[in-house]
Amino acid sequence: MATFFKFERDFVDSLRCIPMQVRYKLDSCGIKLKLSDWNHMAHTERETLVELPCTTETEIRAYQEYLQQLILERTGIPPAKLPIESHPAWMDSTTIPASIQEKSQEIGITLTPHQWANLTPLQRFALIKLSRSGHENKNFPKAMAEFSLL
């Protein structure tokens with residue numbers, strides 16, 4: 001079942017951008033998918049990447065193999081691999097990452113450990129990605145509101 005966030009609403013129908021749930025899967029399987037590579041894919045292939053499961057070791061391996069082959073077929077270049085974190089921050093419901101605390105304070109919010117713990121791993125993942133310094137952060141306040149953190 002696909003989970004799209006409201007802050008992604010402006011592109012989910014067309015899938016012109018990589019949705020958070022796919023980015024989550026990319027971090028899980030250790031594949032770097034550039035937006036230009038994403039744009040070389042057919043809409044049905046993007047939908048498949050949204051829908052394919054990527055939770056168990058078997059699913060992660062299958063997702064990784066499918067995606068590697070797809071990128072190679074569409075671009076002629078094998079994708080870059082990323083390290084897979086053994087204990088990613090979004091799976092830790094007890095520790096709020098510094099980037100989130102800092103970004104929250106910039107918009108006048110103090111995120112509590114209880115609020116952080118009540119988020120799903122995908123919600124925590126989204127906030128971590130949206131709070132990074134190199135990322136366009138306009139969706140961070142939207143995500144905070146969507147997750148009832150304002």
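We now turn to the structure provided with this report.

Conventions and cut-offs
Residues numbered from 1 in each chain as written. Predicted model: local features only at pLDDT ≥ 70, side-chain atom pairs only at ≥ 80, totals over all residues. Heavy atoms only, no water. Axes fitted to C-alpha atoms, helices over the stretch in contact; angles between N-to-C directions. Helix = DSSP H or I, 4+ residues; strand = E, 2+ residues; numbered from the N terminus. Parallel < 35°, antiparallel > 145°, perpendicular 65-115°, else oblique. Contact = heavy atoms within 4.5 Å. Salt bridge = Lys/Arg side-chain N within 4 Å of Asp/Glu carboxyl O. Buried < 20%, exposed > 50% of the residue type's maximum accessible area, 1.4 Å probe, protein only. Disulfide = S-S within 2.5 Å. Nonpolar A, V, L, I, M, F, W, Y, C, P; charged D, E, K, R; others polar. Arc of directions from axis to C-beta.

In this section: the packing of helix H2 (residues 20–29) against helix H8 (residues 121–131). H8 packs onto H2 with a crossing angle of 90 degrees between their chain directions and a minimal axis gap of 10 Å. As the angle between them shows, H2 and H8 are arranged roughly perpendicular. Residues Met20, Gln21, Arg23, Tyr24 and Asp27 of H2 form the contact with H8, whose own contacting residues are Pro121, Leu122, Phe125, Ala126, Lys129 and Leu130.

Per the stated rule, a full pass over the model turns up 4 salt bridges. Salt-bridge contacts for aspartate 27 lead to lysine 129; the nearest nitrogen and oxygen are separated by 2.9 Å. Taken together, the residues aspartate 27 in helix H2 and lysine 129 in helix H8 connect sequence positions 102 residues apart. In this structure, arginine 74 engages glutamate 45 in a salt bridge whose closest nitrogen and oxygen atoms are separated by 2.3 Å. Pair noted here: arginine 74 is in helix H5 (residues 57–75) and glutamate 45 is in helix H4 (residues 43–51), with a separation of 29 residues, a long-range link. According to the relative accessible area criterion, arginine 74 is partly exposed, its value standing at 33%.

This part is about the environment of isoleucine 96. For isoleucine 96, the location among the structural elements is in the loop between H5 and helix H6 (98–106). With a relative accessible area of 10%, isoleucine 96 lands in the buried category. Separated by 32 residues in the primary sequence, isoleucine 96 and isoleucine 128 place their C-alpha atoms 9.4 Å from one another. Setting aside residues no more than four positions away along its own chain, isoleucine 96 makes contact with Gln101, Leu111, Thr112, Pro113 and Trp116.

Moving on, we come to the state of the cysteines. Under the defined criterion, the tally for this structure stands at 0 disulfides. The closest cysteine sulfur to the non-disulfide-bonded cysteine 17 is located on cysteine 29, 19 Å from its own sulfur. Classification of cysteine 17 by relative accessible area gives partly exposed; the value is 21%. Unpaired in terms of disulfides, cysteine 54 finds its nearest cysteine sulfur in cysteine 29, a separation of 5.2 Å. The class of cysteine 54 is buried, set by a relative accessible area of 6%.

Further remarks concern the packing of H6 against H8. Across the interface, H6 lies against H8 with an axial gap of 9 Å and an inter-helix angle of 70 degrees. It follows from the interaxial angle that H6 and H8 lie roughly perpendicular. Residue-level inspection shows Ser99, Ile100 and Lys103 of H6 in contact with H8, the latter providing Leu127, Ile128 and Ser131. A class-by-class count of the residues in the contact of H6 with H8 yields 3 nonpolar, 2 polar and 1 charged.

Given 3.6 residues per turn, any residue in an α-helix points the same way as the ones three and four places further on. If you check which residues of H6 are buried, you get Ile100, Lys103 and Ser104. Around the axis of H6, the buried residues are gathered within 100 degrees of arc, so they sit on the same side. Among the exposed residues of H6, those pointing more than 90 degrees away from its buried face are Gln105 and Glu106. On the buried face of H6, the contacting elements are helix H7 (113–118), H8 and helix H9 (139–146). Glycine 108 sits one or two positions beyond H6 and adopts a positive phi of about 80 degrees.

Tracing the backbone shows leucine 35 in helix H3 (residues 35–39). For leucine 35, a relative accessible area of 42% gives the class partly exposed. The sequence separation of leucine 35 and cysteine 17 amounts to 18 residues, and the corresponding C-alpha distance is 6.9 Å.

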